[in-house]
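Spelled out from the first residue to the last, the chains are:
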Amino acid sequence: VAHPGCLDLHQIRYLLSPTAILNGDLLLAARQPDGSVLVMIGDGSGHGLPAAVTALPAAEAFYAMALKGFPIAEIVLEINTTLREILPTDLFFAACLFHLDEGGRVLQAWNGGMPDLLIVNPTGQIRHRIPSQHLPLGVVATSKIDTAPVVEKVFPGERVYAYSDGLIEASNPQGERFGSERLIACFNRTSRADEWFDTIRRALDDFRQDMPAPDDTTLVEV
């Protein structure tokens, strides 16, 4: 059900690192009929089997709607309705959906319970953040959800980054967390934008050393 869709596009790079056989993090991408690209990164409550049980119906609803060209607002409603029907009350699904038009000029994003979505300019500066402004999906009735996405222009050379909290909550042997500051510092380690993704991945590995990850870790660059 959770097939990768169009994650193999050359514009997309990603890291998926589950802590168990079943991944509670979800990263999906679909090319819509108008040529635009829709990405969803999500984090089911917990990890392992309970989180996967949350993520799979969300994946099914995402593809059913995205491949038919439905906008973010309607996809959010469908996923929430699906989860509300089948999940027990103690499970939920944090999710960030973002859409780039065919020309890569306009970004639409909806963030419910995930870390900030980052728009990074070619010099490595965080030009804009889109924080979580909504509850995770599956928590409240669909009629109470604000589905309006944030709309931002995207300029040539910019990149969009989304990640799960497993990345910034990764710890080293001293018990320190990787944190947002170390992540942002990676954009200034090299002036080459095409090296940022690998820089983040290496920095995370070097920081964590041999420590097991406490949570599923996901990172995507578009």
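Every value quoted in this text rests on a predicted model; they were computed, and no experiment measured them.

Peer 1: Explanation requested: the overall build of the protein in the structure shown.
Peer 2: When its secondary structure is counted, the protein shows 5 helices and 10 strands. Scaling as 2.2 N^0.38, a compact globule of 222 residues should have a C-alpha radius of gyration of about 17 Å, and the protein matches this with 17 Å. Taken along its principal axes, the extent of the C-alpha atoms in the protein is 45 × 40 × 30 Å. In the protein, which comprises 222 residues, the share counted as buried stands at 51%. Partitioning the intrachain contacts of the protein with sequence separation of at least 6 by distance along the chain shows that 69% fall at a separation of at least 24.

Peer 1: Got a minute to help me understand the sheet that holds strand β1 (residues 13-17) in this structure?
Peer 2: Backbone hydrogen bonds are what pair the strands of a sheet, in a parallel or an antiparallel way. Sheet architecture is open: 5 strands sit in the order β1-β10-β9-β6-β7, paired in antiparallel fashion. Every other strand in the sheet has two partners, leaving β1 and β7 (126-130) as the edge strands with one partner each. Mean inter-strand twist for the sheet, computed between neighbouring axes without regard to direction, equals 15 degrees. When β1 meets strand β10 (residues 217-221), the two strands line up antiparallel, connected through 5 bridges. Bridging from a neighbouring strand, Tyr14 pairs with Val220 of β10.

Peer 1: How do you make sense of the side chain of Ser164 when you look at a structure like this?
Peer 2: If you trace the backbone, Ser164 turns up in the loop between β9 (159-163) and α3 (165-168). One polar contact links the side chain of Ser164 to the main-chain carbonyl oxygen of Asp216, over a distance of 3.5 Å. Those residues in contact with Ser164 that lie beyond four places of it in its chain are Asp25, Ile41, Met114, Pro115, Asp216, Thr217 and Thr218.

Peer 1: In this structure, what is going on with the packing of aromatic side chains? I would like to understand it.
Peer 2: Two aromatic rings, taken as a pair, are described by how far apart their centres are and by the angle between their planes. Within the structure shown, the criterion is met by 4 aromatic pairs. Pairing Phe62 with Tyr63 gives two aromatic rings, centres 5.3 Å apart and planes at 75 degrees, and the pair type is edge-to-face. In this structure, Phe62 and Tyr63 share a single accessibility class: buried. Among the aromatic side chains, those forming a connected cluster through ring pairs are Tyr161, Phe187 and Trp196.

Peer 1: I'm lost on the packing of helix α1 (residues 49-66) against helix α2 (residues 72-86) in this one. Help?
Peer 2: Helices that pack against each other are described as a pair by the angle of their axes relative to one another and the distance between those axes. Running from N to C, α1 and α2 point in directions that differ by 145 degrees, and their axes come no closer than 9 Å. Handedness of the α1/α2 crossing: right-handed. Contacts between α1 and α2 involve Thr54, Pro57, Ala58, Ala61, Phe62, Met65 and Ala66 on the former and, on the latter, Glu74, Ile75, Glu78, Ile79, Thr82, Leu83 and Ile86. Taken together, the residues of the contact of α1 with α2 sort by class into 10 nonpolar, 2 polar and 2 charged.

Peer 1: When you look at the environment of Glu60 in this model, what are you seeing that I'm missing?
Peer 2: Examined against the element boundaries, Glu60 turns out to sit in helix α1. Glu60 sits 19 residues away from Ile79 along the chain, and the two C-alpha atoms are 8.7 Å apart.

Peer 1: Honestly, the sheet that holds strand β4 (residues 93-100) in this entry has me stumped. Any pointers?
Peer 2: Read from one edge of the open sheet, 5 strands run β2-β3-β4-β5-β8, paired in antiparallel fashion. At either margin of the open sheet sits one strand with a lone partner, and together these are β2 (25-31) and β8 (150-153). Neighbour-to-neighbour, the strand axes of the sheet open up by a mean angle of 15 degrees, direction not taken into account. Relative to strand β3 (residues 37-44), β2 runs antiparallel, the two sharing 7 bridges. Residue Leu28 lies in a different strand from β3, and its bridge partner there is Met40. Against the sheet, α1 contacts β2, β3 and β4, and its axis sits at roughly 10 degrees relative to β2. Where α2 meets the sheet, its contacts fall on β3, β4 and β5 (106-112), and the angle it forms with β4 comes to roughly 160 degrees.

Cut-off values and rules
- Residues numbered from 1 in each chain as written.
- Predicted model: local features only at pLDDT ≥ 70, side-chain atom pairs only at ≥ 80, totals over all residues.
- Heavy atoms only, no water.
- Helix = DSSP H or I, 4+ residues; strand = E, 2+ residues; numbered from the N terminus.
- Rg over C-alpha atoms; globule rule 2.2 N^0.38 Å.
- Buried < 20%, exposed > 50% of the residue type's maximum accessible area, 1.4 Å probe, protein only.
- Contact = heavy atoms within 4.5 Å.
- Pairing = 2+ DSSP bridges.
- Axes fitted to C-alpha atoms, helices over the stretch in contact; angles between N-to-C directions.
- Polar contact = N/O pair within 3.5 Å; in protein donor to acceptor, adjacent residues only side chain to side chain.
- Phe/Tyr/Trp six-rings, centres within 6.5 Å; stacked < 30°, edge-to-face > 60°.
- Left-handed = near helix turned anticlockwise from the far one by under 90°.
- Nonpolar A, V, L, I, M, F, W, Y, C, P; charged D, E, K, R; others polar.

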